[in-house]
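Read off the chains here:
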Amino acid sequence: MKHSEEYRDTLLSRQIIKRINTVSRRPIRLMEVCGTHTVSIFRNGIRSVLPETITLISGPGCPVCVTDQSDIDAFIQLARNGKTLIATFGDLMRVPGSGSSLLMEQAEGRNIRMVYSTTDALELARQHPDTNVVFLGVGFETTAPTIAASIISARQMGLKNYFVYTAHKMVPPALEALMNTDGVDIDGFLLPGHVSVIIGVDGYAPFFEKYHLPCAVAGFEPTDILQAILCLAEQIETDAPSLANCYPRAVSAGGNSKAREVMNMVFEPCDAAWRGIGVIPGSGLRIRDEYGAFDAAKQFEIPIIQTVSPKGCACGEILTGKITPLQCPLFKTVCTPVDPVGPCMVSSEGTCAAYYKYN
Amino acid sequence: MCLAIPSKIVSIEGNTAIIDVDGVRRQASLMLLDDIKTGDYVIVHAGYAIHKLDEASALESLELLREAFAQAGD
Ligand code: SF4
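What you see is a predicted model; the values in this text were computed from it and never measured.

1. Observations concerning the state of the cysteines
Residues and elements named next belong to chain A.
Alright, step 1. Applying the stated criterion across every chain, the model contains 1 disulfide over all chains.
Alright, step 2. Paired through a disulfide, cysteine 62 and cysteine 65 show a sulfur-sulfur distance of 2.3 Å. Note on the cysteine 62 and cysteine 65 pair: the S-S dihedral is about 70°, so by sign convention the disulfide is right-handed. The pair cysteine 62 / cysteine 65 is uniform in exposure class, with both members buried.

2. Details of the domain arrangement of chain A
Residue and element names in this part refer to chain A.
Alright, step 1. Along its sequence, chain A is carved into domain 1 (34–305) and domain 2 (315–358).
Alright, step 2. Inter-centroid distance (C-alpha atoms) of domain 1 to domain 2 is 19 Å.
Alright, step 3. With 29 residues of domain 1 at the interface, the matching set in domain 2 holds 23 residues.
Alright, step 4. A buried area of about 2,100 Å², summed over both sides, lies between domain 1 and domain 2, and 64% of it is on carbon and sulfur atoms.
Alright, step 5. When the buried surface of domain 1 facing domain 2 is broken down by residue, Phe42, Cys65 and Arg94 rank first, second and third, together holding 27% of it.
Alright, step 6. The interface formed by domain 1 and domain 2 holds 0 salt bridges in total.
Alright, step 7. The interface formed by domain 1 and domain 2 contains 3 residue pairs in polar contact (both at pLDDT 80 or more).
Alright, step 8. Elements that contribute at least two residues to the side of domain 1 that touches domain 2 include exactly α2 (35–43), β2 (54–58) and α4 (63–66).

3. Focus: the site of the ligand
Alright, step 1. Near the ligand, the surroundings consist of Cys313, Ala314, Cys315, Ile318, Cys328, Leu330, Phe331, Cys335, Val341, Gly342, Met345 and Cys352 of chain A.
Alright, step 2. Its residues assigned to classes, the shell around the ligand shows 11 nonpolar, 1 polar and no charged.

4. A look at the packing of helix α7 (residues 118–127) of chain A against helix α8 (residues 144–157) of chain A
For any two helices packed against each other, the geometry is given by the interaxial angle and the distance between the axes.
All names here are of chain A.
Alright, step 1. At a minimum axis distance of 9 Å, the contact between α7 and α8 shows a crossing angle of 25°. The angle between α7 and α8 falls in the class roughly parallel. Crossing of α7 over α8 shows right-handed handedness. The residues of α8 that touch α7, namely those facing Thr118, Leu122 and Arg126, are Thr146, Ile147, Ser150, Ser153, Ala154 and Met157.
Alright, step 2. Class assignment for the residues of the contact of α7 with α8 results in 4 nonpolar, 4 polar and 1 charged.

How each quantity is defined
Residues numbered from 1 in each chain as written. Chains lettered and ligands numbered in written order. Predicted model: local features only at pLDDT ≥ 70, side-chain atom pairs only at ≥ 80, totals over all residues. Heavy atoms only, no water. Disulfide = S-S within 2.5 Å. Buried < 20%, exposed > 50% of the residue type's maximum accessible area, 1.4 Å probe, protein only. Domains from an automatic or database assignment. Contact = heavy atoms within 4.5 Å. Buried area = accessible area lost by both parts, 1.4 Å probe. Salt bridge = Lys/Arg side-chain N within 4 Å of Asp/Glu carboxyl O. Polar contact = N/O pair within 3.5 Å; in protein donor to acceptor, adjacent residues only side chain to side chain. Helix = DSSP H or I, 4+ residues; strand = E, 2+ residues; numbered from the N terminus. Near = heavy atom within 4 Å. Nonpolar A, V, L, I, M, F, W, Y, C, P; charged D, E, K, R; others polar. Axes fitted to C-alpha atoms, helices over the stretch in contact; angles between N-to-C directions. Parallel < 35°, antiparallel > 145°, perpendicular 65-115°, else oblique. Left-handed = near helix turned anticlockwise from the far one by under 90°.

What follows is the structure in structure tokens.
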């Protein structure tokens, strides 16, 4: 596996770990903002090789987990209206809404299909011209361009039965919101690799200019993550915060401008509600009026119901790094991957699911 | 949701490529990337190629990294 195996080099990893141990003096808390990082950190046992001075905390980087309860309920209402086929990434199926989930709705006979990409959803719309196919758009800047591309394709293909419900979110506004959340204590950010592929290192520049907090863009292999941790520790020890790129084979300064162009053609920024954080100004993406014919929120009546958050679930505090799953009384007792209470236990990228699997 | 392993482009037809991900063949859309040719390594997310790896510079930065740590005698 080219461009990937090289970064699992144990000799190189050991050398980086040794350097981290030499460099790190002050106790620091580093937040990994990406769910795929959380999983990789666990899978590779990275916490166990770090000095006691370094604490890694997981952030709001699992798209399914940060999706607000009202959006989950809207997905379920859309599935119930009897005129739609819901196409969704698998992770959303078991997320508990207020009293139901997409999986439960599917068992009741509603038309819900799991897809791996929007291309599959478009194909469903093409094959079933009499059925309205609604794709549930959840994800960060990495996913949003792929969904925008599907809307452009739908227009080119002349599809009148393809729709998107958008609950997309953007990372930099969330970083800023975290800085202004009481009880959140972070000394540096491990920035998400593939969001950065799209927005580039420059995408974080306004955030960095404002807060001067150590930042490092990181890849997903062990040496990528270790190198980024070392970079953050060095920045902190030398009091020289910077916006560093520790994943240069995938991330450039400017990012993928073509993907951003496609995204901006279809979407425009809007305020969005995040589970655990609340409404963050300018952190969401809504479909522009020109593409309103594809906007499920405009084309379908979606009854707004009283949302009920999962009782006793501490996902909100986990998503902001205030506590770890071990501090949630339901963890492993009532809440397990087989019978999850909150979204952080449902998604494979969720912090609770990662703790359950690897701790 | 992120597939971290880069995939090799096996063939291209129009805006769609056949990719090889660790021995498994899949389709990927090229709508979000320009100038892709057979043999390129790309990062694919949710069925779309989103980044082309520059082989030469990837190798170079890996070498630099190895050297940096080897030299320090770590
Ligand atoms: S362990 Fe379960 S109930 Fe507790 S925070 Fe995680 S998902 Fe919620």
